[in-house]
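Listed below are the residues making up each chain.
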Amino acid sequence: MYLRLLKNDFRKNPISNLILLLFMSLSVMIAVTVTLMLTQLFTSITTMYETANPPHFLQMHKGELNQSDIDEFNESYEGIEHWQTVTIITIDGNELIVSDGKQKKFSLGDCRLDISFVKQNDKYDVLLDENRNKSEIKTGEIGVPVILLDEFDIAVGDKITLNSGNIVKNFTVASYIYDGQMNSTLCSSTRFLISDEDFNALLGSTGETEYLIETYFTDSSFANDYQTEYEQSEKNLPKNGQAITYTMIFLLSALTDLIMAMVFILTGILLIVIAVVCLRYVVLAELEDDMREIGTMKAVGIPEKAICNLYLGKIRILMVTGCVTGFVFALFSSAFLTGHISRTFGKQPLELRGFILAVLVCIVVYGIILLFSRKILARMQKASVIDLLVTEKGFGKTKKVKDSLRKAKHLPINLIMALKEVRKGYGIVFILFLIISFLIIVPFRTVQTMENKEFVTYMGSPVCDLLLEVEQGENLEERKATAEKLLLTETEQGNIESFETLRRVRLQAFGNDGDIVGIHIDSGENSGDGLKYLDGEKPKTQTEIAVSCLMADELGKSKGDTIILIINGEQQEFTVCGIYQDVTSGGKTAKALCSFSSEQAEKYTYQINISKSGNSERLTENLRTKLNGGYSIENMEEFVGQTLGGVSLQVKQSAYIVLFIGTGLTILIVTLFMKLRIAQQGGTLAAKRVMGIPLMAIYLQELYPVLIAGGLGVFTGTMLAELFGDNMISVLFEMLGLGLKRFEFASVPFVNYFIIPILLLSVLTIVTSGICRSIRKINIENYFNE
């Protein structure tokens, strides 16, 4: 019976039913796509980690190392399953030349990540091929980390030449490497895999030798406690480098795709909202059309529940059709959207649990829409037989008729008619454009902010032109003196306007619970300048310290609290003067004016501002040429771009996908809405033509309400995106625990605020104008013969 009613209803109202089917399908498609994407992401990481076996705790170290101290410490620590020290050879990117034997030839000098050569491990921290098997590299071959492919065009079969001093070594790219622990641009390093023979030949002859001290536990949650004990050890264990735990490795690996998934989750939620709004509009319009039939059924004693079930039956059939259609399309769309997951973690086929979760999501969406359908159809209970058959009051609210024409004498008559009409049924257009504009603008504004030069303030650094780091390792003070001398020379020559020096030390601090925590502190006369503080301000005295928000959370401190630092074996109190945001060094850093001269420096950082007559590219190249290895010299925009390259690229891709979906929805919905309206108002439009009202006036009376409702929706959506969009992104980043708690959209040229609104309104105008032209084709005789 329901199928017969649905068939008759489709013949009567094909457009309204298509609107419902479209949004039900889209809602299910997005929901299922996100489910399959997240399932594949976590399955891929889990499967990869089972073979790669990344460490639960990693301590990077430059300099001399006493393995017996590490062995003795680990043997006395309960819960350790395995430990190993991996030797790596750090290579300057400028010494690596990629070529294909034809026209392609470039160096890896622009790579922000520290490049290392390693040999394959046996069981732990294994580097994998694209099938997630242990990668085997022969002599003369090299495996290239897959994360570099977004920035550099390196193909299998290309030649990579190492030209370092007196050593020239040619390698052939044999495969791409999937690295369990260093597969994100947010990591500080990346690893190339070479054979044991080649590695042993290069060790000690080129580059700088570093160590990865890796520890595995029976439970990965032991890592944080182990790190504290490791740093407090009286043996002064090697820690001249960054430390990272399994949780952070996992988060950095998944971050790029998690952000993309979050964007689509938001899209899916808003699509369901649009579907419910469309459902309300279409069902109420259908109830108004069937008002006399419903009144007749009530009058002859048919129960209200039975009448409601007639409409619910149709909605159920539409929902099942929408779920099946959306599910099928989701299978195709997820294959495209999970491409980055496959490129990062290797190929991963869909598993049974992914399909089961997708089916459950379909059921949830089905239940949500069915619930709202029942609430909409509940209006039948409030309408009496007299309302439906005698007064024809129907299911809407009684509105007082206002004499708008007399009160607005000076406005064009077509505009007055439009302003009066826009309050009757155009809410769907307003809500549609509000949601779509919000949905499109937020991702684009996020990308603009992440690509903005000022985003560096979220990375614990003030805005400057160049960043020069004297990296950790041997002869640090000598290399620092060389860099400073060169910078002073460039300043005297007028190429540099000014530069500030930061000296990083690693100290230990007491938390509120009495635990000792390691903390990276950048000290200097201008330390803390130029940062955006969540609370408080920069240090102004020798006993003040500003800490990152993650560091403050771990220590249990807030502005005005006292932090006890262990300096040269003695305890010294500092007052927390400010809390800022930082996504570097695990997000746990601090700024202070105190020099901590008794403590050994980890590294030095120079924040350089170029003079008006200076040239950024020429100065960068000059510094790199004269300083050689042991330094990192980067343009600030390149630094931000490469650090967040994978993340911003995925967000940008998501933004364009949402733009495509939003524009497509605009065209479809406006087309269906206007066709439905013209079909419903055919008699009124025919009457206007018979009365002699010009066709252009009728055309404008139909066009203006849509433009007014759409324009108000776009304006409201834009305002909401600018006012609250960054707060929504802040919540997302805070949930991820990256060290960002307050994300603020960057300022852009004023004209940029109008690009997306103008695009949406242009689409609206073109589509509505095209549909309104069909008014001239209305057959007047048909309506009056009826």
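Look above for the structure.
As the structure is a computational prediction, the values presented were derived from the model and not from experiment. (Residues numbered from 1 in each chain as written. Predicted model: local features only at pLDDT ≥ 70, side-chain atom pairs only at ≥ 80, totals over all residues. Heavy atoms only, no water.)

## A word on the pattern of salt bridges
Next, step 1: A complete count under the given rule lists 12 salt bridges for this structure.
Next, step 2: Of the charged contacts, one joins glutamate 722 and arginine 445 as a salt bridge, the two residues approaching to 2.9 Å between their closest N and O atoms. Remark: arginine 445 occurs in helix α15 (residues 427-450) and glutamate 722 occurs in helix α22 (residues 695-736); sequence separation between them is 277 residues.
Next, step 3: By relative accessible area, which is 5% here, arginine 445 ends up buried.
Next, step 4: Lysine 591 is the salt-bridge partner of aspartate 522, the closest N and O atoms lying 2.8 Å from each other. You can see aspartate 522 sitting in strand β14 (residues 516-523) and its partner lysine 591 sitting in strand β19 (residues 589-592), a full 69 residues away along the chain. Lysine 591 matches aspartate 522 in its accessibility class, with the two residues each being buried.
Next, step 5: Through salt bridges with shared partners, a single network forms among Lys104, Asp153 and Asp158. (Salt bridge = Lys/Arg side-chain N within 4 Å of Asp/Glu carboxyl O. Helix = DSSP H or I, 4+ residues; strand = E, 2+ residues; numbered from the N terminus. Buried < 20%, exposed > 50% of the residue type's maximum accessible area, 1.4 Å probe, protein only.)

## Some remarks on the packing of aromatic side chains
Next, step 1: One pass over the full model with this rule turns up 18 aromatic pairs.
Next, step 2: Relative to tyrosine 230, the ring of phenylalanine 57 has its centre 5.8 Å away and its plane inclined at 55 degrees; by these criteria the two rings are tilted. Within this pair, whereas phenylalanine 57 is found in strand β1 (residues 57-62), its partner tyrosine 230 is found in helix α5 (residues 223-232), the two being separated by 173 residues in sequence. The two residues phenylalanine 57 and tyrosine 230 agree in class, both being buried.
Next, step 3: The interplanar angle of 90 degrees and the centroid separation of 5.1 Å between the aromatic rings of tyrosine 77 and tyrosine 226 together place this pair among those described as edge-to-face. Placement of the pair is tyrosine 77 in the loop between α3 (67-75) and β2 (80-91) and tyrosine 226 in helix α5, with a sequence separation of 149 residues.
Next, step 4: Take tyrosine 226: its relative accessible area is 0%, and that puts it in the buried class.
Next, step 5: One aromatic cluster is present, built from ring pairs that chain together Phe57, Phe73, Tyr77, Phe217, Phe222, Tyr226 and Tyr230. (Phe/Tyr/Trp six-rings, centres within 6.5 Å; stacked < 30°, edge-to-face > 60°.)

## Description of the pairing of strand β3 (residues 96-99)
Next, step 1: In terms of strand pairing, β3 meets strand β7 (residues 159-164) through four bridges, oriented antiparallel. What sits directly across from serine 99, in β7, is lysine 159.
Next, step 2: In this sheet, strand β4 (residues 105-107) lies alongside β3 in antiparallel orientation, the contact comprising three bridges. Bridging across to β4, isoleucine 97 finds its partner in serine 107. (Pairing = 2+ DSSP bridges.)

## Here we look at the packing of α15 against helix α23 (residues 755-772)
Next, step 1: Two elements in contact, α15 and α23, have axes separated by 10 Å at closest approach and are oriented at 145 degrees. Of the two elements, α15 crosses α23, and the hand of that crossing is right-handed. For the pair α15 and α23, the contacting residues are Phe433, Ile436, Ser437, Ile440, Ile441 and Phe444 in the first and Ile756, Leu760 and Leu764 in the second.
Next, step 2: Here the contact of α15 with α23 is composed, by residue class, of eight nonpolar, one polar and no charged. (Axes fitted to C-alpha atoms, helices over the stretch in contact; angles between N-to-C directions. Left-handed = near helix turned anticlockwise from the far one by under 90°. Contact = heavy atoms within 4.5 Å. Nonpolar A, V, L, I, M, F, W, Y, C, P; charged D, E, K, R; others polar.)

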